[in-house]
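Topology and contacts: notes
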Amino acid sequence: PKPNYDLIVIGGGAAGLMCTSLAAKRGKKVLLIDHNAKPGRKIIISGGGRCNFTNLNIQPDRYISQNPRFCISALKRYTQHDFIKLVKSHGLTYNEKTLGQLFCDQKSPAILAMLQEECRSDDVTMQYQCEISYVHKLSSGFEVKTSSGTVTSSKIVIASGGLSMPKIGATNFAYNIAKQFNLSLIPTQPGLVPLTLSGDKLDLAISLAGTALDCNVFLDKKTSFRENMLFTHRGLSGPAILQISSYWRESQEVFFNFLPDQNPETFLQDLRKNNPKETLGQVLKPLLPKKFIALFLCPPEKAIAQLSKKELAQINDRLFRCAIIPSGTEGYRTAEVTLGGLDTKELSSKTMEVKQVPGLYFIGEAVDVTGWLGGYNFQWAWSSAAACAESL
Ligand code: FAD
């Protein structure tokens, strides 16, 4: 018998909606299924409610994956400019905040409404609050049993995302499908997530909670981010911390340069020469938050000329190469993304189709491709969805 649908898309998030709209435009009959009552809940809360929908500086090296080259093809074929064109065609406007990050002036519900509008077609059926009990491969096509009945399709797209924010509907559905079809998975880990501290370091963070500063956070020469960091009641957060968290592994030291515009070789020597009578607190005041100086760089009341060589060396280290070992991360509860997922070696980078299982596709965050903070993850959702839809 003829299958009910050309395509079943599981997951009505960023990637699933994009894929549905593009497949329908190619004349495919599509069923989109989501277990939530509404689609795109992550789009709604994204970018602080303003949806950082892409970045002007999309580049493959801003994505983390076991195979760093996997994302190149899809990102090249459906670019940030393609998505910007779509946004403009719906009369929406946007602004660049920093570092190429584009935010929607009309807020994130407008981006979701745009995607839903794009999906509007006689060929598209949406089923929400729909639980999936199984996906079976038939001799030709697939059978999906759901809480609203059993349906069949020629092809199936897994767009159910990663594990971050279970409260708004994240599940391990994609990974279970991968296991069912014997596909290899890269171990998952929370990414773009605040780091936690313990002991003295936590006490210090609590005393400084709410203090933000511009700094350079790094693990090594290659992996470093210059952005704001923020002290919190649990430890460290802010964009610089979220960025480094995706590269950080348990018990690894994280380094901080709190004066990224100063030269570590000469900074304190120059102060000693030019401002010997002033205290460290006085000279650092224009450069760092007062509370941070007082709590972190004692003794701030000594005149610079009176500081011993050892004290100067210690202060230099604390200012330019302060090492902290976080106790962990805040986990999937607050993580913006999930690192790892379906191993890209299982997929065609042109189409996102599983090499061993023709007709089965994985797109979006379910795949082991994780972008930096700043619109990179949505762009991966759009680009991987487009690569898949184009091939149908
Ligand atoms: P999702 O958007 O997560 O969609 C998955 C869908 O599948 C959901 O609708 C879910 O309900 C459904 N689903 C899951 N399990 C099942 C199941 N078992 N059965 C049926 N349906 C299921 N990225 C950016 O680029 N810019 C930002 O500004 C940004 N802000 C963010 C803010 C927050 C707080 C968070 C958590 C993330 C943010 N991200 C941002 C990341 C971005 O939201 C994700 O990378 C992106 O949504 C991934 O798209 P996706 O379609 O793969 O998955």
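What counts and what doesn't
Residues numbered from 1 in each chain as written. Predicted model: local features only at pLDDT ≥ 70, side-chain atom pairs only at ≥ 80, totals over all residues. Heavy atoms only, no water. Near = heavy atom within 4 Å. Polar contact = N/O pair within 3.5 Å; in protein donor to acceptor, adjacent residues only side chain to side chain. Areas by Shrake-Rupley, 256 points an atom, 1.4 Å probe, with all protein chains shown as cover. Helix = DSSP H or I, 4+ residues; strand = E, 2+ residues; numbered from the N terminus. Core = buried A, V, L, I, M, F, W, Y, C linked by side-chain atoms within 4.5 Å. Buried < 20%, exposed > 50% of the residue type's maximum accessible area, 1.4 Å probe, protein only. Contact = heavy atoms within 4.5 Å. Pairing = 2+ DSSP bridges. Axes fitted to C-alpha atoms, helices over the stretch in contact; angles between N-to-C directions. pLDDT = per-residue confidence, 0-100. Salt bridge = Lys/Arg side-chain N within 4 Å of Asp/Glu carboxyl O. 1 Å grid on protein atoms, 1.4 Å probe; cavity = no way out; pocket = protein on both sides within 12 Å on 5 of 7 lines; lining within 4 Å. Points joined across faces, edges and corners; volume = space filled by probe spheres on them. Nonpolar A, V, L, I, M, F, W, Y, C, P; charged D, E, K, R; others polar. Phe/Tyr/Trp six-rings, centres within 6.5 Å; stacked < 30°, edge-to-face > 60°.

1. Let's talk about the site of the ligand
The environment of the ligand is formed by 29 residues, the closest being A15, D34, T171, E365 and F378. Within the contact set of the ligand, an oxygen atom lies 2.8 Å away from a backbone nitrogen or oxygen of A15. In this structure, an oxygen atom belonging to the ligand sits 3.2 Å away from a side-chain N or O atom of N36. Taking 1000 Å² as the accessible area of the ligand by itself, protein coverage stands at 93%. Of all the elements in the fold, those that place two or more residues in the shell around the ligand are α1 (14–25), α2 (41–45) and α13 (376–390).

2. Quick look at the nonpolar core
For soluble globular proteins, nonpolar side chains are generally found buried alongside one another. Membership of the largest hydrophobic core comes to 119 residues, with the highest contact counts inside it found for M229, F256, F258, L284, L360, F362 and W380. In terms of residue count, α13 provides more of this core than any other element does, 10 residues in total. With residues up to four places along the chain from it excluded, the contact list for W380 reads Y63, F70, C71, A74, L75, M352, G364, E365, V367, V369 and A385.

3. Here we look at the sheet that holds strand β6 (residues 101–104)
Read across the sheet, 3 strands follow the order β3-β6-β5 without closing on themselves; strand pairing throughout is antiparallel. Strands at the two margins of the open sheet, each flanked by one partner only, are β3 (52–55) and β5 (94–96). Each strand axis lies, on average, 30° off the axis of its neighbour in the sheet, ignoring direction. Judged from the 3 bridges that link them, β3 and β6 form a sheet pairing that is antiparallel. In the strand pairing of β6, T54 is matched with L102.

4. Re the environment of T146
Looking at the secondary structure, you find T146 in strand β9 (residues 142–146). Its relative accessible area of 7% is what places T146 among the buried residues. With 13 residues separating them along the chain, T146 and S133 place their C-alpha atoms 5.6 Å apart.

5. Overview of the confidence of the model for the protein
The predicted model of the protein has a mean per-residue pLDDT of 96, with 99% of residues at 70 or higher. Predicted as a complex, the structure gets a pTM of 0.97 and an ipTM equal to 0.99.

6. Comments concerning the pairing of β9
Of the two faces of β9, the one lined by F142, V144 and T146 is fully buried and the one lined by E143 and K145 carries no buried residue. Of the pairings in the sheet, the one linking strand β8 (residues 132–137) to β9 comprises 5 bridges and is antiparallel in character. By the bridge assignment for β9, V135 is matched with V144. Counting the residues between successive antiparallel strands, the hairpin from β8 to β9 contains 4 residues, one of them, G141, with a positive phi of roughly 90°. Pairing analysis gives 5 bridges linking β9 to strand β10 (residues 149–158), with the strands arranged antiparallel. Its bridge partner lying in β10, K145 is registered against T150. If you look at the hairpin formed by β9 and β10, you'll find 2 residues sitting between the two strands.

7. A look at the pattern of salt bridges
What the rule picks out here adds up to 10 salt bridges. Residue R77 is joined to E390 by a salt bridge in which the shortest nitrogen-to-oxygen separation is 3.3 Å. Placement of R77 in helix α3 (residues 72–77) and of E390 in helix α13 is noted, with a sequence separation of 313 residues between them. According to the relative accessible area criterion, R77 is partly exposed, its value standing at 33%. Among the residues examined, E390 registers a relative accessible area of 41% and is labelled partly exposed. E311 serves as the salt-bridge partner of K302, at 2.9 Å between the closest nitrogen and oxygen. The partly exposed category is assigned to K302, whose relative accessible area is 28%. If you follow the salt bridges from partner to partner, you end up with D214, R226 and D261 in one network.

8. A word on the layout of surface pockets
Approximately 160 Å³ is the volume attributed to the second largest pocket. Counting residues per element, the ones that place at least two in the lining of the second largest pocket are α9 (267–274) and α12 (309–320). Class assignment for the residues of the lining of the second largest pocket results in 5 nonpolar, 3 polar and 3 charged.

9. Focus on unusual backbone geometry
Even without being glycine, Q129 reaches a positive phi, approximately 50°. Secondary-structure assignment places Q129 in the loop between β7 (124–127) and β8. Within the chain, S251 stands out as a residue other than glycine whose phi angle is a positive 65°. Assignment of secondary structure puts S251 in the loop between α8 (239–245) and β16 (254–257). Classification of S251 as exposed rests on a relative accessible area of 58%.

10. Description of the packing of aromatic side chains
With the rule as written, the count across this model stands at 16 aromatic pairs. Between Y63 and Y376, the ring centres sit 6.0 Å apart and the planes meet at 80°, which makes this aromatic pair edge-to-face. Highlighted residues: Y63 in strand β4 (residues 63–64) and Y376 in helix α13, separated in sequence by 313 residues. Exposure remark for Y63: the relative accessible area of 4% places this residue in the buried category. Judged by relative accessible area, which is 2%, Y376 ranks as buried.

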